[in-house]
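# A closer look at the structure
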Amino acid sequence: MTDTHASPESGSPGGDPAAKAVPIPPPPPDSAPAPPARSAVRSLLRLWPYVRPVRARWGSAAVVAIVASSLGLVFPLVLKWMVDGPIADRDPAGVWLGAAVLLGLGIVEAVLFGFRRWLVARPLAGVEAALRADLYRHVQRLPVAFHDKWASGQLLSRGTTDLMLIRMFLAFPLTFLIVNGTTILVGFVILLMQDWSLGLVLMVPVIPLMVLCAVFETKYALVSRKAQDQVGDLTTVVEESVLGIRIIKGFGRHRTQAAAFRELSHRLRGTELIKARLLAGILGLITVIPELAIGAALVLGTVQVADGELSAGTLVAFLSTALALHWPVVSMGFLLAMSQEAATAADRYFEVMDAPEEEGGTGEGGSAGEEGPTGAKDTRPRSPAAPPVPDSASGSAESPAHAGRPASGGLRFEGVEFRYPDAPADSVPLLRCVDLHVRPGETLALVGATGSGKTTLTALVPRLHEVTGGRITLDGRDVTAMPRAELRELVSMAFEEPTLFSATVGENVLMGAGAAASEDEELRRALGIAQADFVHRLPDGVGTEVGEQGLSLSGGQRQRLALARAVVGRPRFLVLDDPLSALDVHTEALVEAALRRVLADTTALVVAHRPSTVMLADRVALLSGGRIAAVGTHQQLLRDNAEYAWLMSGADAGPAAARAGEGTTSAHGNVREGVDA
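A brief structural summary. Please read these numbers as outputs of a predicted model, since none were measured by experiment. (Residues numbered from 1 in each chain as written. Predicted model: local features only at pLDDT ≥ 70, side-chain atom pairs only at ≥ 80, totals over all residues. Heavy atoms only, no water.)

## As for the overall build of the protein chain
- When its secondary structure is counted, the protein chain shows 24 helices and 10 strands.
- With 677 residues in all, the protein chain has 48% of them scored as buried.
- Of the contacts made within the protein chain by residues no fewer than 6 positions apart, 78% connect residues no fewer than 24 positions apart.
- Here the protein chain displays about 31700 Å² of accessible surface, and carbon together with sulfur accounts for 63% of that area. (Helix = DSSP H or I, 4+ residues; strand = E, 2+ residues; numbered from the N terminus. Buried < 20%, exposed > 50% of the residue type's maximum accessible area, 1.4 Å probe, protein only. Contact = heavy atoms within 4.5 Å. Areas by Shrake-Rupley, 256 points an atom, 1.4 Å probe, with all protein chains shown as cover.)

Given below as structure tokens:
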């Protein structure tokens, strides 16, 4: 989840010449199509399932806020009584009484607003936590292809900044849009009751203000989306710089990285300034236009008082009511801006939540036949019949140790075809017509040139990627018909690039253990197989925290822990992607000796680049040009296959053949180097 390019929403990937170490997504071109129109209300309504459990407390808080805000409209009525009564009659006792009433109203209003905040604080924090938990759970279930396309910073910003904006909206803007709207309606009723002609003067700006607010919402929504996408891009750069700090320091690229960060920061700053200008403009208009109306009402009211048509107390009450409505009207600009940001955040959140999860197998089992889990005919595309695979064993490739095993089980690839999801439909598949059988209890080494698709082929077994043609079976059961949980209990993997988590050594290794495993015993066994006894020399032994990505350990130590994680659960099927590449020859020999005992009890597919790793296998398959080119023992392929001999020994046997299939292209002509090494 550390892709460097921008998300699908933030423009096309690109780079700044001054910052080549981190590609910076450029702003979208002027000709880029505008995003589809969306309703802020419709976007925010999608949050209702999360708000529904706390609707009672939120509704109570809204009622309390309406009452508290309405108390502010009582102040002008008290002032009218004081001006026309005690002040006009020169009654000090009445003035003190009025002052006491105003003080009491102020205290009650303050207490009610405090009570409102208490009502919503805890439940809305729970809403944010539920949104974040659902996002994390969903991201874990999204296919690998999704994570290949999305920048990690875009996902992180959705789980942090965007959810914070949603919580703030539910706590403040949503409540006060209702409160202020109610206050304005009640206030205008009071104004019209006090003097209808002056009330109509104040209502004149209503239509122009509504038009201005609609225009503001449209423009602000676009800029808000752009800013939040840029925050995601900036988060990606920061995350990659922290994770790659050793590379940055090792190549002295800190100035280039700083330039890249400044460029993105400057771009975000420009977008935020546009937001500020839009907000300043609407606030200025919302402030000036009503005040012009109040000024006109003041002039007209003064004339009416002078003519005896209106009492001074009524004019004071009218103007006080109008001024009491000033903040609810002006604050609509802030509230609309925050609402648009929340609607944008909700859109970004549900863009991830709407992404389809991995298709889980259904039913209790597919079969080796053509029918799927529901009994319907399997309609997945089949690759055309592949040419016969040259078997250098000439019928004797099966190891004597497995001669008595049944041939129908094990791991079988039948006409498997695969192209990456972003590849054009008419492009040549990375893998095509792959037919391969790993017999029960057999270890088969997979050999091929860099970029030939070995890692991709192994990733198809636990369904990290989905085949686009043909099928894969485990003991006769189609993997697509098996529940993913069951499939990944049967199959264990050790990747070429070992990944460790910010946890203890023991917790990292036991991630591969079954729920019913005896943890201490299995942990000791797995560490012994992987020759990872170094953990007992760590400060806290297996309880030592290894830090983020395990970077406190050496590459060989991380690889041995990853291998221990793969074997700790005693899987029936084991897939190892060059698991010994970071080990010295002496440690490698010890690990291989221990692995042989494990491999004797499991069915294994091992990606190998060195003869020492190949020697672990009973047979070897050569992957070339997206197909299985030959199958046999190591010695047989060395003798009979020139490409294999060149890969294993560097013999002068036609390096052009060894490069067959190398540099297979995916979508847009991009070579997937490193992925399929």
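## Focus on the sheet that holds strand β2 (residues 431–438)
- With respect to topology, 4 strands assemble into an open sheet ordered β2-β1-β4-β5, the strand pairing being antiparallel. The open sheet has two edge strands, β2 and β5 (477–478), and neither has a second partner.
- In this sheet, β2 lies alongside strand β1 (residues 411–418) in antiparallel orientation, the contact comprising 5 bridges. For Arg412, the partnering residue across the bridge sits in β2 and is His437. (Pairing = 2+ DSSP bridges.)

## Focus: the packing of aromatic side chains
- Throughout the structure, instances matching the rule amount to 7 aromatic pairs.
- Measuring from centroid to centroid gives 5.0 Å for Tyr349 and Phe350, while their planes differ by 85°, and the two rings are edge-to-face. Grouping residues by exposure puts Tyr349 and Phe350 together as buried.
- Relative to Tyr420, the ring of Phe418 has its centre 5.0 Å away and its plane inclined at 75°; by these criteria the two rings are edge-to-face. We note that Phe418, like Tyr420, is buried.
- Among the aromatic residues, those joined into a ring-pair cluster are Phe113, Phe172 and Phe176.
- One Lys or Arg, Arg46, reaches over the ring of Phe350 and ends 4.2 Å from the middle of that ring.
- The positively charged end of Arg57 is found above the aromatic ring belonging to Trp118, 4.9 Å away from the centroid. (Phe/Tyr/Trp six-rings, centres within 6.5 Å; stacked < 30°, edge-to-face > 60°. Lys NZ or Arg CZ within 6 Å of the ring centre and 35° of its normal.)

## Notes on the pattern of salt bridges
- Tallied over the full model, the rule gives 24 salt bridges.
- With a shortest N-O distance of 3.0 Å, Glu128 and Arg132 are connected by a salt bridge. Here Arg132 and Glu128 lie together in helix α5 (residues 92–141), a separation of 4 residues that amounts to about one turn.
- Classification of Arg132 by relative accessible area gives partly exposed; the value is 32%.
- Salt-bridge contacts for Arg412 lead to Glu414; the nearest nitrogen and oxygen are separated by 3.9 Å. (Salt bridge = Lys/Arg side-chain N within 4 Å of Asp/Glu carboxyl O.)

## Remarks on the pairing of strand β9 (residues 619–624)
- With 6 of 6 residues buried, β9 lies mostly within the body of the structure.
- Both faces of β9 are covered, namely the face carrying Arg619, Ala621 and Leu623 and the face carrying Val620, Leu622 and Ser624.
- Both strand β3 (residues 443–448) and β9 contribute to a ladder of 5 bridges, which runs parallel. In the strand pairing of β9, Ala445 is matched with Val620.
- Direction of pairing for β9 relative to strand β10 (residues 627–632): antiparallel, over a ladder of 5 bridges. Bridge pairing links Ala621 to Val631 in β10.

## Focus on the packing of helix α12 (residues 254–306) against helix α14 (residues 326–353)
- Two numbers describe how α12 lies on α14: the axes approach to 9 Å, and their chain directions differ by 155°. Judged by the inter-axis angle, α12 sits roughly antiparallel to α14. Of the two possible hands of crossing, α12 and α14 adopt the one that is right-handed. For the pair α12 and α14, contact is made by Lys275, Leu279, Leu283, Ile286, Thr287, Pro290 and Glu291 and by His326, Val329, Val330, Gly333, Phe334, Ala337 and Glu341, respectively.
- Counted by class, the contact of α12 with α14 contains 8 nonpolar, 3 polar and 3 charged residues. (Axes fitted to C-alpha atoms, helices over the stretch in contact; angles between N-to-C directions. Parallel < 35°, antiparallel > 145°, perpendicular 65-115°, else oblique. Left-handed = near helix turned anticlockwise from the far one by under 90°. Nonpolar A, V, L, I, M, F, W, Y, C, P; charged D, E, K, R; others polar.)

## A few points about a nonpolar patch on the surface
- Residues Leu192, Trp196, Leu200, Met203, Val206, Ile207, Met210, Val211 and Val215 make up a contiguous nonpolar surface patch of about 870 Å² in total accessible area.
- Listed by contribution, the elements that provide at least two residues to the nonpolar patch are α9 (196–203) and α10 (206–243).
- It is α10 that provides the largest number of residues to the nonpolar patch, a total of 5 residues.
- Inspection of the secondary structure puts Leu200 in helix α9. (Patch = residues over 30% accessible without salt bridge, like charges linked within 9 Å, V, L, I, M, F, W, Y side chains within 5 Å.)

## As for the sheet that holds β3
- Pairing within the open sheet is mixed, and its 6 strands lie in the order β6-β7-β8-β3-β9-β10. Of all the strands in the sheet, just β6 (491–494) and β10 have a single pairing partner and so form its edges. The sheet shows a mean angle of 20° between the axes of neighbouring strands, taken without regard to direction.
- Relative to the sheet, helix α19 (residues 555–567) contacts β6 and β7 (573–577), its axis offset from that of β6 by approximately 175°.

## Focus on unusual backbone geometry
- The phi torsion at Cys433 lies on the positive side, around 55°, for a residue other than glycine.
- Along the chain, Cys433 falls in strand β2.
- In the Ramachandran plot, Arg570 falls in the positive-phi region, its phi being about 50° despite a non-glycine side chain.
- Note that Arg570 resides in the loop between α19 and β7.

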